[in-house]
Amino acid sequence: MKTVILAAGQSKRMKPIEDKNFLKFLGKPLIQHQIESLVAAGFNDFIVVGGKHNLPHLRELKRKMRLQIHLVEQKNLSLGMVGAVIDASEHFGNEPVLIVSGNDVVDKSAFELIKNSYQDKGVNGLMIVKHCPKYFPGGYLKLDKRGFIKEIIEKPAQGKEPSKVINLVVHLYKNPKTFVKYLAKAISNRDDLYETAVNNMISDGYKMKAVMYDGFWQAVKYPWHAIDLWKHFFDTAVGRLPKESRISKKAQISPSAIIKGDVIIEDGVKIYEHAVINRPVYIGKNSVIANGCLVRESHIGENCVIGKGTEIARSYLADNVWTHSNYIGDSVIGDNNSFGAGAVTGNLRLDEKNIFVKVNGEKIDSGKNKFGIITGKNVRVGINTSIMPGVKIGNNSFVGAGIVLAENVDDNKFVTGKWELRVSDNLAVLDKKARE
Amino acid sequence: MKTVILAAGQSKRMKPIEDKNFLKFLGKPLIQHQIESLVAAGFNDFIVVGGKHNLPHLRELKRKMRLQIHLVEQKNLSLGMVGAVIDASEHFGNEPVLIVSGNDVVDKSAFELIKNSYQDKGVNGLMIVKHCPKYFPGGYLKLDKRGFIKEIIEKPAQGKEPSKVINLVVHLYKNPKTFVKYLAKAISNRDDLYETAVNNMISDGYKMKAVMYDGFWQAVKYPWHAIDLWKHFFDTAVGRLPKESRISKKAQISPSAIIKGDVIIEDGVKIYEHAVINRPVYIGKNSVIANGCLVRESHIGENCVIGKGTEIARSYLADNVWTHSNYIGDSVIGDNNSFGAGAVTGNLRLDEKNIFVKVNGEKIDSGKNKFGIITGKNVRVGINTSIMPGVKIGNNSFVGAGIVLAENVDDNKFVTGKWELRVSDNLAVLDKKARE
Amino acid sequence: MKTVILAAGQSKRMKPIEDKNFLKFLGKPLIQHQIESLVAAGFNDFIVVGGKHNLPHLRELKRKMRLQIHLVEQKNLSLGMVGAVIDASEHFGNEPVLIVSGNDVVDKSAFELIKNSYQDKGVNGLMIVKHCPKYFPGGYLKLDKRGFIKEIIEKPAQGKEPSKVINLVVHLYKNPKTFVKYLAKAISNRDDLYETAVNNMISDGYKMKAVMYDGFWQAVKYPWHAIDLWKHFFDTAVGRLPKESRISKKAQISPSAIIKGDVIIEDGVKIYEHAVINRPVYIGKNSVIANGCLVRESHIGENCVIGKGTEIARSYLADNVWTHSNYIGDSVIGDNNSFGAGAVTGNLRLDEKNIFVKVNGEKIDSGKNKFGIITGKNVRVGINTSIMPGVKIGNNSFVGAGIVLAENVDDNKFVTGKWELRVSDNLAVLDKKARE
């Protein structure tokens, strides 16, 4: 069986995160975690569909993972999933094909489930589906009593859902070449070509069955999903690692530092005096946690320096992040960031309402009343700057000192305040002189 | 003997503190401390005069204290002390009546003193008086050689005091009904009707004697008096509590936290790693002192969370106060307040002069060169905001992030800064691109 | 042999430091360190040339040091070194004279070197010289093969240096009266009268020899040199002091404080809970390092209070400095300074380029990409104020709260921000009322 991994999407809603497939969790990119899950479930022959923007990274990944991976470049990214599968089909033979997307992160048990079901007779394909009591803008299913799919309805308006069951992109086709033909012929004036192809197959008598899955699932759509995701990978890793190996023997931890509960601390980490690490926490290779820091429920990438007195709470930090006496709460911080002393993320509105984030010009409810900021790569923030909840700072942008930043910053910008100072004679001194 | 407690005053000078009688110290409202002092001194039959604004709280107090308390509503609050005593008189019999006010906090020894003196023959009434070398805007006494009062002069101009002796409102009348008649007949065009009534009684031959008291006394007039008061109640409590019971066994204290000297720590308190508690300190039920905090010479009410790295110095905090990496010095903080990370109270002018506070439109010298801020209830303060010494923030008011607040804020306001940012292309990045 | 110490210079480039001779390192002024070095090398008869501005301090120094010191006032400071030596010459006899300047700090080995060489026959004078591969605006030497000086060229343009060898002002003249005559007769329209005199002597056949020195040398020209200097004096002192005497037995150090590596801690110092002192660090008499502070690679003078949670990194602090939850990095802080809670020094540009400092109207490259601020004496900085890298604050100047200070402040100024607040009704509260 072959597995197609759809990794060409451009993740515009993830901005300033450039490619969600290469968001690193516990030292590995998201796509590697997915492939490792598939391998653990018994899949071993991969076709990865990328785009021009991430093929170099995919090549590097292929080299590192030493698996049977065919890399395919999707030329026309605007054709989405349909284009990706058609481009991948050059590698299709007569064996079944599993299609998996980086947009849906699931547990390896989802892959095992589909593997255990695919030899069912009288079934031409399978989809992993999930009971979803709260509205989600995805593909809802009409099912018959035996679990066969009657129709997929992509992104119905809220309240118009035909059921509470949505499909995750973990789809198996026993005759992939047939499916590709349906994809090539599908016509729709909405963004549901793929679903139209499936519906057409079903109309023509092909049998697609739903496989109910109740394990971990996280859509990877908005930047804040990084916070939910790292914890999933942490829990999975902690489940696997024996307790005594979670803190590297090559880490240096001051006797006055305190580590509470389950943490993973990699080689070369240094934890200085009176720091406190409060579970769950991941600290990547060669990162430093300086004096008096508090790190709790957070992911710290590699080569970070969490400077004196900083608190990192419920946040995801990529690699090479430097902080210094900051509070970073409920935030997603990109690679190679630096925060001047006293810079602080706001993570709670004064009125304690939910935090909204502007995504592609639209204000999106993060669903959280505690949420901080999102930064791209190569961001610098000046001393004593205050960043309001839900603000995004683009790649390569600098934010000066002493600012209250309440709006998003694009890529490659320099933001400073406009200050007016009053300079007068210091009467206090004159008074003193008069007294003397 | 009956005791009248005057608790109807509206404490305008205490704003934004709404009712000084219900300022809580060590888990109990001020008026309860006063009643308990009276009970300890042997008094047990109370008439408490309240106003419409605090009768519900007084009823709740009566229920809780299980003492013989008659609650009286003073209908016309503008009649002040005179109106209060007249309204209370419906409960007067022929036994003596002690009149006590929430404006003067004294030690139980003052009550014992008056109790020990009231059976002196040839005396119709007694007043607790105090030697007061520094001018105080109160009722000064002309005394004869044997300690009998010749006249009370209410609020003489500074320099016009007839003596250095003032009366505290701990007054005993053996014939209270007679006194009430004098009160009812007194006429004055100044705010001294009560004193006029006493002076008229004396003119008519009644004998009022001064009982000199040199114990603790604190007028409760301005919000900053809360700081002086909590220490008094702390000292009194510490004197009573055996050492081993001052820190509750139901408190959780990290082994790396350090507690120095006499403190009282109530049930359910949690003190986290590397926190330091430096005497005298009171910490109310279920409050949390987080990592690396320093709490010194301060009163922390119930259900507070003193967040990571905060310093609380010489301050009074009511219940439900949340802080986070703040410095709160020499301040009076109301119920249900929250301070964003990096918000700081200024508590010393750069020129080190005394701090003035605007009270009812008038600038009042706090008498202290170290004094911070005063907040009402339900106040929120944004991240990195700086509040200047002597500033008051009203009830239900929010102060945004990154502000320098140098003026008082009324009740129910939202204060934000007006920011102007400059956004330009980040030349640093362009330079780097050019170099590459 | 007599030693002339030139100490009358006005150090304008050192502003706001008023007199570099009296910059205190490890409890002693710079000039005392120099004299002690000379004494250690065997010199003991001094002529110190001061100006009106520092004669009182020099007299006090003479009283304290109990050495043979002739104080001379240089009347006309505009005549510089030449005037100083001529004024000093009233004390010259027939013995050789060593001329030393406060502008060049060298190790005692430089003085030993010149002492060991001065009896060489056929030599009329000696100069300590140093190989200086990087351009320095000083006096470059043309030397012959045997090390005799052919000519001094003062401040050649960069690229026009006649050699890589400069002279330090450690000059010995065997016939000082002759040299004084040359000084008196020298004529130049550039600022090189002294060098002209030496060149004239050489032209007339006097033999001046260069003594190559490769020990410690630091020009004392700009304020940031204080940071380089204190470390030199620290290293020298640590080399001399036995390990067990470096931390005074009269210092009080909390058992939870951590001291790492070589430090010098003087009498009366108090180090509180969870503070960390990280080598090299000098802490002067009676200074306090409060809870949770981090002091690293820094010089703290006497009677300082490094308040709760402060970090002092790679900085020089004079006496009487008060901090409170600050970050002071790579800075030079004058006597009697105070920093409000949350005030922070920026010490790294966002673009990580070198820091420039405005000196006498000209922007000077500090040569460092990590450099903070320079303050004079009696400076006050308000809470949450941010001071940009390279900023200087003059003597007796105050900087208000919440400011971003990006420009130098003159002496005797009061700088505040100009704030505009918006005060509106707090709709959050109104909403809540509506809901209730």
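This report concerns the structure included in the present document. (Residues numbered from 1 in each chain as written. Chains lettered and ligands numbered in written order. Predicted model: local features only at pLDDT ≥ 70, side-chain atom pairs only at ≥ 80, totals over all residues. Heavy atoms only, no water.)

**Notes on the overall build of chain A**
Our working definition: The helix and strand labels rest on DSSP assignments: H or I over at least four residues marks a helix, E over at least two residues marks a strand, and numbering proceeds from the N terminus. Relative accessibility decides the category of a residue: with a 1.4 Å probe and only protein chains considered, values under 20% of the type maximum give buried, values over 50% give exposed, and everything between is partly exposed. Any two residues whose heavy atoms approach within 4.5 Å at even a single point are treated as in contact. For accessible areas, the Shrake-Rupley method is used with a probe of radius 1.4 Å. Any residue's cover is judged against the shown protein chains and nothing else.
Helix and strand counts for chain A come out as 8 helices and 38 strands. The buried share of chain A, taken over its 436 residues, is 56%. Here the analysis covers contacts within chain A between residues at least 6 apart in sequence; of these, 48% occur between residues at least 24 apart. As displayed, chain A offers around 18200 Å² of accessible surface, 48% of which is attributable to carbon and sulfur atoms.

**Notes on the interface of chain A and chain B**
Put simply, the test is: Two parts lose some accessible area (1.4 Å probe) when they are put together, and adding that loss for both gives the buried area. By convention in these notes, a salt bridge is any Lys or Arg side-chain nitrogen within 4 Å of a carboxyl oxygen on Asp or Glu.
Residue-level contacts link 41 residues of chain A with 31 residues of chain B. Both faces considered, chain A and chain B share a buried interface measuring about 2800 Å² in area, 59% of it formed by carbon and sulfur atoms. Of all residues in chain A, Leu350(A), Val404(A) and Lys418(A) give up the largest surface area on contact with chain B, accounting jointly for 24% of the area buried on that side. The interface formed by chain A and chain B includes 4 salt bridges. For the side of chain A that touches chain B, the secondary structure elements donating two or more residues are β15 (258-260), β28 (344-345), β33 (386-387), β36 (404-405), β37 (413-417) and α8 (427-435) of chain A.

**Details of the packing of aromatic side chains**
Here is the rule we go by: Geometry of aromatic contacts follows a simple scheme: Phe, Tyr and Trp rings, the Trp one being its six-membered ring, pair when their centres are within 6.5 Å, and the pair is stacked under 30 degrees between planes, edge-to-face over 60, tilted otherwise.
Scanning the model with the defined rule gives 33 aromatic pairs over all chains in all. Seen from their ring centres, Tyr173(C) and Phe179(C) are 3.8 Å apart, and the 10° between their planes marks the pair as stacked. When its relative accessible area of 1% is taken as the criterion, Tyr173(C) is described as buried. For the ring pair Phe398(C) and Phe414(C), a centre distance of 5.6 Å and an interplane angle of 65° mean the geometry is edge-to-face. Of this pair, Phe398(C) sits in strand β35 (residues 398-399) while Phe414(C) sits in strand β37 (residues 413-417), placing them 16 residues apart in sequence. By relative accessible area, Phe414(C) is classed as partly exposed at 23%. Three or more aromatic residues link up through ring pairs in this structure, and these residues are Phe25(A), Phe233(A) and Tyr316(A).

**Focus on the relation of the copies chain C and chain B**
Let me state the cut-off plainly: The least-squares superposition of copies is restricted to C-alpha atoms, and to residues with a pLDDT of at least 70 in both copies.
Turning chain C through 120° and shifting it by 0.0 Å along the axis lays it on chain B, with an RMSD of 0.0 Å. As the rotation angle and translation indicate, the two copies are arranged about a three-fold axis.

**Section: the relation of the copies chain A and chain B**
Mapping chain A onto chain B calls for a screw motion: a turn of 120° about the axis and a shift of 0.0 Å along it, with 0.1 Å RMSD after fitting. Little of the interface of chain A is mirrored in chain B, where only 17% of its interface residues again form contacts.

**Quick word on the pattern of salt bridges**
All names here are of chain B. Following the criterion strictly, the structure yields 69 salt bridges over all chains and no others. One salt bridge in this structure joins Lys-28 and Glu-36, with 2.9 Å as the shortest N-O distance. You can call Lys-28 partly exposed: its relative accessible area is 26%. For Glu-36, a relative accessible area of 27% puts it in the partly exposed group. Across the pair Arg-146 and Asp-144 runs a salt bridge whose closest N-O atoms are separated by 3.8 Å.

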